[in-house]
Amino acid sequence: MESINLVKGYGKVNTLLADIPPTQHSKPAESHRRKTAVLSLLILVSLLVVTSIAVLIYKSTTTHNSKTNSKTPSLTTPPSTTTPSQPLSLNTTESTRLVCSVTQYPNSCISSISSLKNLPPQLGPQLIFTLSLKISLSELKNLSVLPKALISKSNEANTVSALRDCASLFDDAVSQLNDSVASVVDGSEKEVLTEAKIADVNTWISAAMTDQDTCLDGLEEMQSSVLDEVKSKLQMSKECMSNSLAILANMHSLLDRFDQTQH
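In the annotation of an unreviewed UniProt entry, the protein chain is listed under the name pectinesterase and assigned to Heracleum sosnowskyi.

1. Observations regarding the overall build of the protein chain
Helix and strand counts for the protein chain come out as 11 helices and zero strands. Going from the N terminus to the C terminus, the protein chain shows its helices and strands as α-α-α-α-α-α-α-α-α-α-α. Within the structure as shown, the protein chain displays about 17200 Å² of accessible surface, and the carbon and sulfur contribution to it stands at 58%.

2. Observations regarding the pattern of salt bridges
Considering all chains together, one arrives at two salt bridges under this definition. Across the salt bridge formed by K238 and D213, the nearest N and O atoms sit 2.7 Å from each other. Placement of the pair is K238 in helix 10 (residues 227-249) and D213 in helix 9 (residues 195-221), with a sequence separation of 25 residues. Note on D213: relative accessible area 34%, which makes it partly exposed. Between K233 and E229 there is a salt bridge whose closest N-O contact spans 3.3 Å. Within this pair, K233 and its partner E229 are both found in helix 10, separated by four residues, close to a single helical turn. Take E229: its relative accessible area is 34%, and that puts it in the partly exposed class.

3. So, helix 4 (residues 92-100)
In an α-helix, one turn spans 3.6 residues, which is why side chains three or four residues apart end up on the same side. Along helix 4, the positions that sit buried rather than exposed are T92, S95, T96, L98, V99 and C100. Looking at where helix 4 begins, the residue whose side-chain oxygen comes 3.2 Å from the main-chain nitrogen of T93 is N91.

4. Re the packing of helix 8 (residues 157-184) against helix 9
In a packed pair of helices, the relevant descriptors are the angle between the two axes and the axis-to-axis distance. Look at helix 8 against helix 9: their axes get within 8 Å of each other, and the N-to-C directions meet at 170 degrees. Considered as vectors, helix 8 and helix 9 are oriented roughly antiparallel to each other. Crossing hand, helix 8 versus helix 9: left-handed. Partitioned by chemical class, the residues of the contact of helix 8 with helix 9 number 15 nonpolar, seven polar and four charged.

5. Comments concerning the environment of A207
On the secondary structure map, A207 appears in helix 9. Sequence-wise, A207 and A173 are 34 residues apart; in three dimensions their C-alpha atoms are separated by 7.0 Å.

6. Some thoughts on the state of the cysteines
Scanning the model with the defined rule gives two disulfides in all. C100 shares a disulfide with C109; S-S distance 2.0 Å. Here the disulfide of C100 and C109 is left-handed, its torsion about the S-S bond being about -65 degrees. The class of C100 is buried, set by a relative accessible area of 0%. Overall, the relative accessible area of 1% leaves C109 in the buried class.

7. Topic: the side chain of S224
Mapped onto the elements, S224 comes out in the loop between helix 9 and helix 10. Only 3.2 Å separates the side chain of S224 from the backbone nitrogen of V226, close enough to count as a polar contact. Those residues in contact with S224 that sit more than four places away from it in its chain are E156, T159 and L219.

8. Looking at the confidence of the model for the protein chain
Parts of the prediction with low pLDDT should not have their coordinates interpreted in detail. When pLDDT is averaged along the protein chain, the result is 78; 62% of the residues meet or exceed 70. Confidence, expressed as mean pLDDT per element, reaches its minimum in the protein chain at helix 1 (residues 2-19) with 42 and its maximum at helix 10 with 96. A low-confidence stretch, residues 1-20 (pLDDT under 50), is modelled with zero contacts involving residues beyond four sequence positions or located in other chains. Here residues 70-85 scores under 50 on pLDDT; set against residues more than four positions off or in separate chains, the count is one contact.

9. Regarding unusual backbone geometry
Keep in mind that most residues, glycine aside, have a negative phi and that most peptide bonds are trans. Positioned with a positive phi, N118 is a non-glycine residue whose angle comes to about 60 degrees. Note that N118 resides in the loop between helix 5 (106-114) and helix 6 (125-143). By relative accessible area, which is 79% here, N118 ends up exposed. Phi at Q223 is positive, roughly 55 degrees, even though this residue is not glycine. Within the fold, Q223 resides in the loop between helix 9 and helix 10. With a relative accessible area of 69%, Q223 lands in the exposed category.

10. Notes on the nonpolar core
Of all hydrophobic cores here, the largest spans 37 residues; its most connected members are F129, L133, L177, I205 and I247. Residue assignment for this core shows that the elements contributing at least two residues are helix 4, helix 5, helix 6, helix 8, helix 9, helix 10 and helix 11 (251-258). Looking at this core, the element that brings in the most residues is helix 6, giving eight residues. If we skip the residues at most four places from it in the chain, L177 touches L133, S136, L137, L140, I205, A208 and M241. Among the nonpolar cores identified, the runner-up in size contains 15 residues, and L150, L163, C215 and L234 belong to it.

How each quantity is defined
Residues numbered from 1 in each chain as written. Predicted model: local features only at pLDDT ≥ 70, side-chain atom pairs only at ≥ 80, totals over all residues. Heavy atoms only, no water. Helix = DSSP H or I, 4+ residues; strand = E, 2+ residues; numbered from the N terminus. Areas by Shrake-Rupley, 256 points an atom, 1.4 Å probe, with all protein chains shown as cover. Salt bridge = Lys/Arg side-chain N within 4 Å of Asp/Glu carboxyl O. Buried < 20%, exposed > 50% of the residue type's maximum accessible area, 1.4 Å probe, protein only. Polar contact = N/O pair within 3.5 Å; in protein donor to acceptor, adjacent residues only side chain to side chain. Axes fitted to C-alpha atoms, helices over the stretch in contact; angles between N-to-C directions. Parallel < 35°, antiparallel > 145°, perpendicular 65-115°, else oblique. Left-handed = near helix turned anticlockwise from the far one by under 90°. Nonpolar A, V, L, I, M, F, W, Y, C, P; charged D, E, K, R; others polar. Disulfide = S-S within 2.5 Å. Contact = heavy atoms within 4.5 Å. pLDDT = per-residue confidence, 0-100. Core = buried A, V, L, I, M, F, W, Y, C linked by side-chain atoms within 4.5 Å.

Here's what the structure looks like:
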């Protein structure tokens, strides 16, 4: 009987469980679903916030780069074109000053050339050199009579001997400069200065200057009383030949500045 009652009791328990409303035993599942929904919503909101921030940063960076690029010159900008250099166009005075600026005695160079008559409106380096060389020759020719004139006035044997040497040396110097002028000027007075002629003329002018120095050395060695007088009268001639040599030595650079072609 007891066992039957236990069975009956068990049946009542089952009946009671069956009568319990569904809402009472399903609350944990519903709570889990709510938590999941809230978590999903939070994740969605977070994604939206991150996306918005990323968009703002991208726009800010793009704007900054755009401004920077607008201020920075493009590396592909084509180089500016320059006008080809034109030949230097100078009047006679300007070209003479420019050429004489390379000499040791620019004042005597300018004054001697400027004193010439019938100069063309424009002078190039080669023509200025030729004129300088002719002036040197003219100065030296005027000096060639000096030793003979001094000999006629001197009673000193040592001076007379030294002056005779000077007369011979001056004649040789005149010959050297004559060869120089003939070499650089043809019959039509056109400059025909070549590399070979530059070398020859340089040798001849240098030899003429050496002749003058040798004359002075001889007078000094003989302790001649006319040494200072001869030295003073030779000065202009020495300056002219020195100027000619300087112009000749700088001919290439002068031609480049005048944008001319050497003959």
